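An overview of the molecular structure
Here are the chains, one letter per residue:
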Amino acid sequence: MEQILSSDNLNRAYLQVVRNKGAEGININETDITGFGSLAQAKYNPHTDEHTLRVCSNFEVIKYVVFHEFTHILDAEMYAKNNPANYAYLSGYTEYHASQIELLILLGIDNMHSLQQSTFSMDTRIAAFPNKMSVDEYLHGKHRFVIDMMHRDDFPKDLEVLKTTIGVLYNYLGIRSICKMYGKDYRERKDNTSIIKWTAHRLIITPTTSRAVTIGSS
């Protein structure tokens, strides 16, 4: 389980998902109706100890998206196995962690040795959905998504919208953490005032560890 990115088992699992399009399908058109959604989704039932990985049925499965979901599965196994309370508490941390892995996969960093040796430019182009863009543009898009969600008319009254907003917030913070740690030309150019103001009254922003990256040591 420690070899999350260098593991042959996880790479084989990724290929299996690509071939089979997952056990269950998500239609991306359905996510457009609500204004948010994802290309894949991992769920864990702590009562039955069962994991479900759903992927889009009308899009090609992208490696960084699937490894993001693999990280949710790993975290559930390590920290919430058969424990509903722990699984509920895990939601912020695991989104933070999974988004770190997401960016590392996009950057082609696949093990701890490579990570320790690596820095990258915020201008580096990555093959993110739906088009190639720079890391800086990718981070900006995540930041913009959080702000847009917080300005919805049904936020924070609608529980589903609130849950999604908290998820995209941790997603943004996880990607930002990799940029701050390893982006050689990273500068804090995003205005986080509205995010800080809202979370200061409602959330504890910092996950269990600010360096949540879990990558194989080989």
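The structure under discussion appears in the preceding block.
For the structure given in this document, a descriptive report is provided here. (Residues numbered from 1 in each chain as written. Predicted model: local features only at pLDDT ≥ 70, side-chain atom pairs only at ≥ 80, totals over all residues. Heavy atoms only, no water.)

1. Thoughts on the pattern of salt bridges
All chains considered together, the criterion is met by eight salt bridges. The network of salt bridges with shared partners includes Asp49, Glu77 and Lys81. (Salt bridge = Lys/Arg side-chain N within 4 Å of Asp/Glu carboxyl O.)

2. Comments concerning the environment of Thr124
Structurally, the position occupied by Thr124 is in the loop between helix H6 (112-117) and strand S4 (125-126). For the pair formed by Thr124 and Val135, sequence separation is 11 residues and the distance between their alpha carbons is 5.8 Å. Contacts of Thr124, omitting those with residues within four sequence positions, involve Leu107, Met133, Ser134 and Val135. Of note is the side chain of Thr124, whose polar atom sits 2.8 Å from the backbone oxygen of Ser121. (Helix = DSSP H or I, 4+ residues; strand = E, 2+ residues; numbered from the N terminus. Contact = heavy atoms within 4.5 Å. Polar contact = N/O pair within 3.5 Å; in protein donor to acceptor, adjacent residues only side chain to side chain.)

3. Examining the environment of Val61
Topologically, Val61 is positioned in the loop between strand S3 (50-56) and helix H3 (63-79). Among the residues examined, Val61 registers a relative accessible area of 14% and is labelled buried. (Buried < 20%, exposed > 50% of the residue type's maximum accessible area, 1.4 Å probe, protein only.)

4. A few points about helix H7 (residues 135-150)
Relative to the 22 Å expected for 16 residues at 1.5 Å per residue, H7 spans 23 Å between its end C-alpha atoms, a close match to the ideal helical length. Considered for burial, the residues of H7 that qualify are Val135, Asp136, Tyr138, Leu139, His143, Val146, Ile147, Met149 and Met150. (Expected span 1.5 Å × (residues − 1).)

5. Some remarks on the pairing of S3
In terms of strand pairing, strand S2 (residues 40-45) meets S3 through six bridges, oriented antiparallel. Pairing of Lys43 across the sheet is with Thr52, part of S3. The hairpin formed by S2 and S3 contains four residues between the paired strands, and Asp49 there has a positive phi angle of roughly 60 degrees. (Pairing = 2+ DSSP bridges.)

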